[in-house]
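Structure assessment
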Amino acid sequence: MNNQNNSVIVIGGGHNGLVCAAYLAKAGKKVTVLEAAKQLGGASITREFAPDFRVSAGAHLSYLLDAEIRKELGLDGHGLSMAAEKIDSVALDPKGKHLYFEGDSVSGEGLNERDLRGMKEYRRFMAKFAGVIGKLHNRIPPRMGTQDKSDLFSLAKTALDIRLLGRDDMREFLRIAGINIYDVLQENFDNELLKGALSLDAVLGTKSAPRSNNSVFTALHRFSGNNGHGAGALSLPKGGMGAICDALAAAAKAAGADLRTNSPVKRILMDFDRASGVELENGEQLQADIVVSNADPKTTFLDLLGARHIEAGFALRLKHLRSKGNTAKLHLALSDLPNFTGLDASKLGQRLLIAPSPHYVELAFNHIKYGEFSTEPVFEITIPSVHDSSLAPPGQHVLSAVVQYAPRDLKTGWKGGKAAFTEVVMNTLEQYAPDIRSKAVMAELLTPEDIEQEFRIKGGHWHHAELAMDQFYMLRPVPFASQYHTPVNGLYLCGAGSHPGGGVMGSAGRNAARAIIGK
Amino acid sequence: MKKYDAIVVGAGHNGLTNAAYLAKAGLSVLVVEKNPWIGGASVSRELHKGWMYSNCSYVCSLLRPEVFRSLNLQKYGLQIVPYGGSATFGQNGDILGSYVDADMSRREIARHSERDADASVRFDRDIMRQCRFIRKFLLRTAPDPTSFKPRDIREMLYLSKEFNKLGEDVIYDLMRFYTMSISDYLDEYFENPLLKAAYAGSAIIGSALGPMSPGTAYVLLHHAMGEVDGNMGAWGFARGGMGAVAKAMAGCFADHGGETVCGSGVEQIIVKNGKVTGVALENGDEHYSDVVVSNMTFPRTFLECMDEKDLSPSFLKKVKHFKIRGSSGKLNIALDGLPDFPALRNNPELIKGDMHLIDSMGRLERAFDDWKNGIWSQDPYIDMLIPSLTDPTMAPPGKHFMSVFVQYVPPKVKGKEWTDEQRDQFGQTVINQIEDYSPGFKKLILHAEVRTPRELENEVGLTEGNIFQGELTMDQLMFNRPIPGFAQYRGPVKGLYMCGSSNHPGGGVMAAPGANAAREILGDLRRTNTVPEGWLDD
């Protein structure tokens, strides 16, 4: 390693920034992490939203966190423990005829033989295909059309992974990978509620509906985490998602990284054709051989660096990066556990889904195409305090829900829209938990606009950039920046905007570190 | 009883192409057709005294020039007449015209947006790149990526070689192009809604997808990769209507000793101990051959014309899952005179071209939302042409024939079969829509044929009325078309072949599936190949 690349500044202390910093520090680099907010963690934090009520303000479930990273950085040794693992899900029905998912099986009223058989088969091939995507997560994407040996080797490896699925599964993989979840569900199931719940996993956090091509891919991505518990297994960290970043921060510190909060970066400094450091909002300038940005690509290049430092074609590709959020987040402080119609209290610790049918999800989606919010939204609900008493005062609870669809740019503007949407959200919730309003002491709704402001993600998209086939692997965030180094010397990306994308995974940060150390 | 070398089921353009090539190779070939007339969806019919209707497909561009030449269709009377430009109508009374003259088109775009006029140069170039790539594979059999046969490996290598030739950036663009929605794709180039709507039309025609559904960018390509007289992307009329295409092919076929039997459909494709032996017609006749080629849709072939026990359950399951959804309707209208479009008064020649009634992505997408809800679009996308302005043989002097293509129209209305009342209501929806842009239009109507997916299926046999014999989505393209493992025109039973648009490279009056199937058959029969392969022009 030449000491030319010895000092590193990481812009942003989100989970990927911390992972990257930890690996670089372990490799002997002099690392400084600059976080704008007063606490580390980015969109993977636990914070108070009502007196004595704390919640995972961004991501609220852990299902992608890479087991290797967890082990290599010794996160458990740094205080990471899970309050609950392998959480099951419940597909809520307004009349109380819920469906209960347990591992790879499902039970409940109205399921027929085909549904039960279909479930096993569906889980089998989705997990298997997700494995192919999962293998990509810890690879630095190759470039296309080059004669470079490592590129060709990497592509060959992927081709082999696909071939090793076996003839029939390979054919099936190549058939469905690019299409929509709706058709795949139709091929396997009859029960509408079942299909609705399964389709929800395919569209959460993305601008797509069950009928949109590409939703099989997003479903596979969700199941693709190498989390050590199996495809899409859900966990709740003790102390909320912030606990992951606390452990990452501890690991980074232990490795010698310098972590600074309340240090918003104003701009990236250039020394002729090379990134040479950063200037903070307070005017302070820090020099470094390498600058790594955990910020989203648009913020990094257009705000912090400035378009004048990049070539026009590349700037155009960046401009076209689809990065508008479409997901809202609801936080409720509850005086007591709510009653969901027909749901046993013992199930309240599970993931509760509101998506009664694929068509319901489809209709919810239709609104966002025209800049409106869903009048009947879909929900992914968790009540983490059931597993983790540290989040709320004794006997009281917090509810955290991902709510779709809410466009970043609401036609009527979020100023007035927010109250209206909160009303819609509560009304929908009330159909399933009639007493929810009376139990709710305090409600907080984060629109994509709020998410953009709180987490400084331009567009407020939790993946930093829309997760789609045309923005994945060597196309993420944009060609010529998808190997973590960018057209600007000394400037690297390590955020969710890079491969393999969002969800609290850490792989982007680790791959970026590898790309840097490789230099 | 005579035994033929091959029997082709269905006298559509692919069936006739296939039959013609087989006959050229010296085979004795019989074509059986259920209708009293030939042509399938490439047909001209006199449904109103003195008027010739191209009552299904209505324009020509995709027809492969290699087929045109090798079957010498000119000699058999096929003449493709290019038509000038197109007009896209806005609700505000303005239009966006496009002309044969590229500069005029650019000036017209500039009238709406200077920026888009510049972008259109980039757009045309990029689309052309995609076309030049895809065209290499239209007249080739897709390789099976799971197979280790030398032939498949060779073909895969050829594919990756051509792919790499594109160069790094173009490869990235291609990968994105094939997976994006046309709406997102156009947003990367243009700002003017009318212009975007004008392009978006060809990205949804015939497919059950909205402009905002990923995968629609490819459908645009499918409509842009054709040509007339070597002009890429140009469209034209077949003189005498689209039936002229089938007629010329049939002429070539007959010239090489082919026989055709019309008026009775196939009751069943006869299979004896794992081999096809011929076909049994509805009228009781039986014809025998060791080779049966089906030009029918994939589902129709196996679900309606074969005995379940001759097929494996897993294969049947896949056939049932084949996506072939009707999304389009058509009106064929006999007009007492030329309709007046106030918006066209400044450039009247545009009435000779393609006229689209659409002016924003949002409207187009909402039209699709209706389809998803199981009803026909209340504010439909309309693609109108008046062929009689270019081809006087279509209607009596002074009178006109108008072809009106409509999207979206569901195969069933809210899950129930179409009724005649609903069909007529749908017709009214469309005519009212046109009346809005052409006051007095209704008064000119002498006769109108309204076709929903139901009519299309009943007459032409297109399952669910899908004009491409199957959705053009990634799960049904190249080696996935019609289903993985059967993308090389061979059916699951020995001697059974498929030559319809359900097979690679898909729908449109292209004749490529028919040609490719013929090449495979001749190969299996160890006959000399009469079918061009690959990309022969320019």
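Residues numbered from 1 in each chain as written. Chains lettered and ligands numbered in written order. Predicted model: local features only at pLDDT ≥ 70, side-chain atom pairs only at ≥ 80, totals over all residues.

A look at the overall build of chain B
Within chain B, the regular secondary structure consists of 17 helices and 22 strands. Over its C-alpha atoms chain B spans a radius of gyration of 22 Å, differing by no more than 12% from the 24 Å that the globule rule assigns to 538 residues. By residue count, 56% of the 538 residues in chain B fall in the buried class. Across chain B, every contact between residues at least 6 apart in sequence was considered, and the portion connecting residues at least 24 apart equals 73%. (Helix = DSSP H or I, 4+ residues; strand = E, 2+ residues; numbered from the N terminus. Rg over C-alpha atoms; globule rule 2.2 N^0.38 Å. Buried ≥ 20, exposed ≤ 12 C-beta atoms within 10 Å, placed from the backbone. Contact = placed C-beta atoms within 7 Å.)

Focus: the overall build of chain A
Within chain A, the regular secondary structure consists of 16 helices and 20 strands. Relative to the 2.2 N^0.38 estimate, which gives 24 Å for 519 residues, the radius of gyration of chain A is 22 Å and therefore close to what a compact globule would have. If one aligns the C-alpha atoms of chain A with their principal axes, the spans along those axes are about 65 × 55 × 45 Å. Relative to its 519 residues, chain A shows a buried fraction of 58%. A separation of at least 24 residues holds for 73% of the contacts in chain A among residues at least 6 apart in sequence.

Considering the interface of chain A and chain B
With 29 residues of chain A in contact, the opposing surface of chain B contributes 31 residues. If you list the elements that add at least two residues to the side of chain A that touches chain B, you get α5 (167–176), α6 (181–188) and α12 (358–369) of chain A. Ranked by the residues each element gives to the side of chain A that touches chain B, the list is headed by α5 of chain A, at 6 residues. Considered class by class, the residues forming the side of chain A that touches chain B number 10 nonpolar, 8 polar and 11 charged. (Nonpolar A, V, L, I, M, F, W, Y, C, P; charged D, E, K, R; others polar.)

A look at the sheet that holds strand β11 (residues 265–271) of chain A
All names here are of chain A. Pairing in this open sheet of 3 strands is antiparallel, and the strands run β11-β12-β13 from one edge to the other. Edge strands, defined here as strands with exactly one partner in the open sheet, are β11 and β13 (285–287). Neighbouring strand axes in the sheet, compared pairwise and without regard to direction, differ in orientation by 30 degrees on average. Looking at chain direction, β11 and strand β12 (residues 274–280) are connected through 6 bridges and run antiparallel. Within the sheet, the bridge partner assigned to L269 lies in β12 and is G277. (Pairing = 2+ DSSP bridges. Axes fitted to C-alpha atoms, helices over the stretch in contact; angles between N-to-C directions.)

Some words on the confidence of the model for chain B
Looking at chain B, pLDDT values average 95 and 99% of them are 70 or higher. Both confidence scores are given for the complex: pTM 0.95, ipTM 0.94. (pLDDT = per-residue confidence, 0-100.)

Notes on the environment of L472 of chain B
In this fold, L472 of chain B is placed in the loop between α16 (453–460) and β22 (496–498). Other than its neighbours up to four places away in sequence, L472 of chain B contacts S207, Y218, V219, H222, L477 and G506 of chain B.

Brief notes about the nonpolar core
Membership of the largest hydrophobic core comes to 330 residues, with the highest contact counts inside it found for A21, A22, L248, A252 and V292 of chain A together with V245 and M249 of chain B. It is helix α9 (residues 242–254) of chain A that provides the largest number of residues to this core, a total of 9 residues. (Core = buried A, V, L, I, M, F, W, Y, C linked by C-beta atoms within 7 Å.)

Description of the packing of helix α1 (residues 13–24) of chain B against helix α17 (residues 512–524) of chain B
Residue and element names in this part refer to chain B. Interaxial distance between α1 and α17 falls to 7 Å at its minimum, and their mutual angle equals 35 degrees. Two packed elements cross with a definite hand, and for α1 against α17 that hand is right-handed. Residues N14, G15, T17, N18, Y21 and L22 of α1 form the contact with α17, whose participating residues are P513, G514, A515, A517, A518 and I521. Residues that form the contact of α1 with α17 fall into these classes: 7 nonpolar, 5 polar and no charged. (Left-handed = near helix turned anticlockwise from the far one by under 90°.)

Quick word on the sheet that holds strand β10 (residues 258–260) of chain A
Residues and elements named next belong to chain A. Overall, parallel pairing links the 5 strands, which are arranged β10-β2-β1-β14-β20 in an open sheet. Every interior strand has two partners, whereas the edge strands, β10 and β20 (491–493), have only one. Within the sheet, the average angular offset between the axes of one strand and its neighbour, ignoring direction, is 20 degrees. Taken together, the 4 bridges between strand β1 (residues 7–11) and strand β14 (residues 290–293) define a ladder with parallel strand orientation. Each residue of the ladder has a partner; that of V10, found in β14, is V292.

Looking at the pairing of strand β4 (residues 45–48) of chain B
Sheet faces and side chains relate simply in a regular strand, where the side chains alternate between the two faces. Residue and element names in this part refer to chain B. Pairing between β4 and strand β5 (residues 51–53): 2 bridges, direction antiparallel. For R45, the partnering residue across the bridge sits in β5 and is Y53. Hairpin connection, β4 to β5: the antiparallel pair is bridged by 2 residues, and G50 has positive phi, about 90 degrees.

What about the pairing of β14 of chain A?
All names here are of chain A. Burial along β14 is two-sided: the face carrying I290 and V292 and the face carrying V291 and S293 are both buried. When β14 meets β20, the two strands line up parallel, connected through 3 bridges. Each residue of the ladder has a partner; that of V291, found in β20, is L491.

Quick look at the environment of T146 of chain B
Residue and element names in this part refer to chain B. Tracing the sequence through the fold places T146 in the loop between α4 (114–134) and α5 (150–165). Judged by local crowding, T146 falls into the partly exposed class, with 19 C-beta atoms found within 10 Å. Sequence separation between T146 and G485 is 339 residues; the distance between their C-alpha atoms is 8.5 Å.

Some details on unusual backbone geometry
Cis geometry is found at the peptide bond from Q404 of chain A to Y405 of chain A, where omega equals 5 degrees. At the junction of R481 of chain B and P482 of chain B, the peptide bond is cis and its omega measures out at -5 degrees in the coordinates. Along the chain, P482 of chain B falls in the loop between α16 and β22. The phi dihedral of K86 of chain A falls on the positive side, at around 50 degrees, and the residue is not glycine. Along the chain, K86 of chain A turns up in strand β5 (residues 82–87).

Things to note about helix α13 (residues 361–372) of chain B
The terminal C-alpha atoms of α13 of chain B, which comprises 12 residues, lie 17 Å apart, in line with the 16 Å expected from a rise of 1.5 Å per residue. Of all the positions in α13 of chain B, only M361, L364, E365, A367, F368 and W371 of chain B are classed as buried. All buried residues of α13 of chain B fall inside an arc of 150 degrees around its axis, so they share one side. Where the residues of α13 of chain B are buried, they touch α12 of chain A together with α7 (182–187), α8 (193–204), β19 (381–385) and β20 (400–407) of chain B. G374 of chain B, located one to two residues past α13 of chain B, shows a positive phi value of around 80 degrees. (Expected span 1.5 Å × (residues − 1). Arc of directions from axis to C-beta.)

Thoughts on α5 of chain A
Of all the residues in α5 of chain A, the buried ones are R171, F173, R175 and I176 of chain A. On its buried face, α5 of chain A sits against α3 (113–137), α4 (149–163), α6 and α8 (215–223) of chain A.

Looking at the environment of E365 of chain B
Relative to the elements of secondary structure, E365 of chain B occurs in helix α13. E365 of chain B sits 154 residues away from P211 of chain B along the chain, and the two C-alpha atoms are 6.0 Å apart.

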